[in-house]
Amino acid sequence: MTVETALEHARRAFALRKYEQAVEFYATALELQTKKHGEDAPETANLYFSYGKALLENAISQASVLGKEQPENGDEAEGKPSGTGTNGKGPILSFSGDADEGVDLFGQAAIAEEDEGDEEDAEGEDGEPEDDFNAAWEVLELARAIYEKGKDEDDEVKMKLAETYIALGDVSLETEKFDQAITDYSEGLVLKIDLLPISSRQIAEAHYKLSIVLDLTSGRLSDAIMHAEKALESVDARLAELRDGIDGKLLPAPSQEAKADKKGKGKAVGPGVHADSMRHLSKSQMEAEIKECEGLKEDLALKVEELKTTPSEPTESAPAMAARALDAELNAKPISVPGQPAVVNDLTSLVVKKKKKAAEVDAPAKRRADDREDDGSPTAKKAKLEEDAQS
């Protein structure tokens, strides 16, 4: 099997949400690629990223038996926080549709689904979701390290680095490592803001994911509200741009020419960086996206309102509050109030009384039994003498 064949199978399996098969085919492709180029070669970065995403989705899919629901629509498989992201904090929203990798995976999947019956079953051995989460993190970290080296030479590499940070944030969100998720989402957001306009749905997605994890972090409610509002602003800007597109008022596309950095070196600006531009959309596609964004805007507005009505969180951690309450209970003192008797904590119910010795408890019964056998009273003695005389 060649790298290209393995990748084709992997992409199709991923599009059909058959993540175990996707993981195996991506692993095969990666093994062949690393033999040819080496493990740290730039040519392997994209494969590491795709493999890591497949591992993440497979872990989420396996964890669904614990109560997490899978997305109903195929177009929601990517581009949204999943699983743990909600945690009872509101709906998961899909921001996909404006930044595909240039391959219509779901179009291919629809055509190929009829042939799936002839595919070799690649289910593999059952694995633990936690293992796949850990593997996804490690593989995505390899991709991040490679992209990091080339981010200053190519904006497309910089964009892939941003996407890798977002994917790492997804792993940390799923495994409830919220501090790490905040760090990675923030890094990805900074890079995307540098590359994309505010109207990009990728910007809205990054802000929204940050709002989710901040909402799940103690003491970060105000930050969660801020990022939810920025996600809403981004969707508003997208809607305005789409309406301008329908009216023919779009501004000229940004130049694709190389731009110079501080050292005077040219930096390549490929079309992939501006993949979310709506200039390639037809009028009917713009109308469809306007309808979609209006629903997204409504959901985000509800999310912002929900966050704003959330009670303020205590700054003290739960363990600290419990320790303080216990300490107060154990060291409670009588409280004197003028005109009222002092309040005294009655602890008698907590005192274990010493039991009487068994001999003392049973003594009355034993004494009654002895009296019946050998009574030493005068009446008893007289009766006994008369009985002896008669005999």
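Residues numbered from 1 in each chain as written. Predicted model: local features only at pLDDT ≥ 70, side-chain atom pairs only at ≥ 80, totals over all residues. Heavy atoms only, no water.

Examining the pattern of salt bridges
Side-chain pairing between opposite charges can occur once the charged atoms of the two side chains come close. This structure, assessed with the given rule, holds 16 salt bridges. Lys 160 serves as the salt-bridge partner of Glu 163, at 3.4 Å between the closest nitrogen and oxygen. Linking Glu 163 with Lys 160, this pair stays in helix H6 (residues 155-174), spanning 3 residues, or about one helical turn. Comparing Glu 163 with Lys 160, the two get one shared label, buried. When salt bridges that share partners are traced, they join Glu 141, Arg 144, Glu 148 and Lys 151 into one network. (Salt bridge = Lys/Arg side-chain N within 4 Å of Asp/Glu carboxyl O. Helix = DSSP H or I, 4+ residues; strand = E, 2+ residues; numbered from the N terminus. Buried < 20%, exposed > 50% of the residue type's maximum accessible area, 1.4 Å probe, protein only.)

Section: the packing of aromatic side chains
A full pass over the atoms with the stated rule returns 1 aromatic pair. Centre to centre, the rings of Phe 14 and Tyr 19 are 5.3 Å apart; their planes meet at 70 degrees, and the pair counts as edge-to-face. Residues Phe 14 and Tyr 19 agree in their burial class; the two are buried. (Phe/Tyr/Trp six-rings, centres within 6.5 Å; stacked < 30°, edge-to-face > 60°.)

Thoughts on the nonpolar core
Within the largest apolar cluster, 37 residues are counted, with the highest numbers of intra-cluster contacts made by Tyr 26 and Tyr 51. Where this core is concerned, the elements lending two or more residues are helix H1 (3-15), helix H2 (19-37), helix H3 (45-63), helix H5 (129-150) and H6. Per-element tally for this core: the top contributor is H3, with 10 residues. Look past the residues within four positions of Tyr 51 in its chain and what remains in contact with it is Val 23, Tyr 26, Ala 27, Leu 30 and Val 139. Grouped together as the second largest cluster of nonpolar side chains are 32 residues, Tyr 208, Ala 231, Leu 232 and Cys 293 included. (Core = buried A, V, L, I, M, F, W, Y, C linked by side-chain atoms within 4.5 Å. Contact = heavy atoms within 4.5 Å.)

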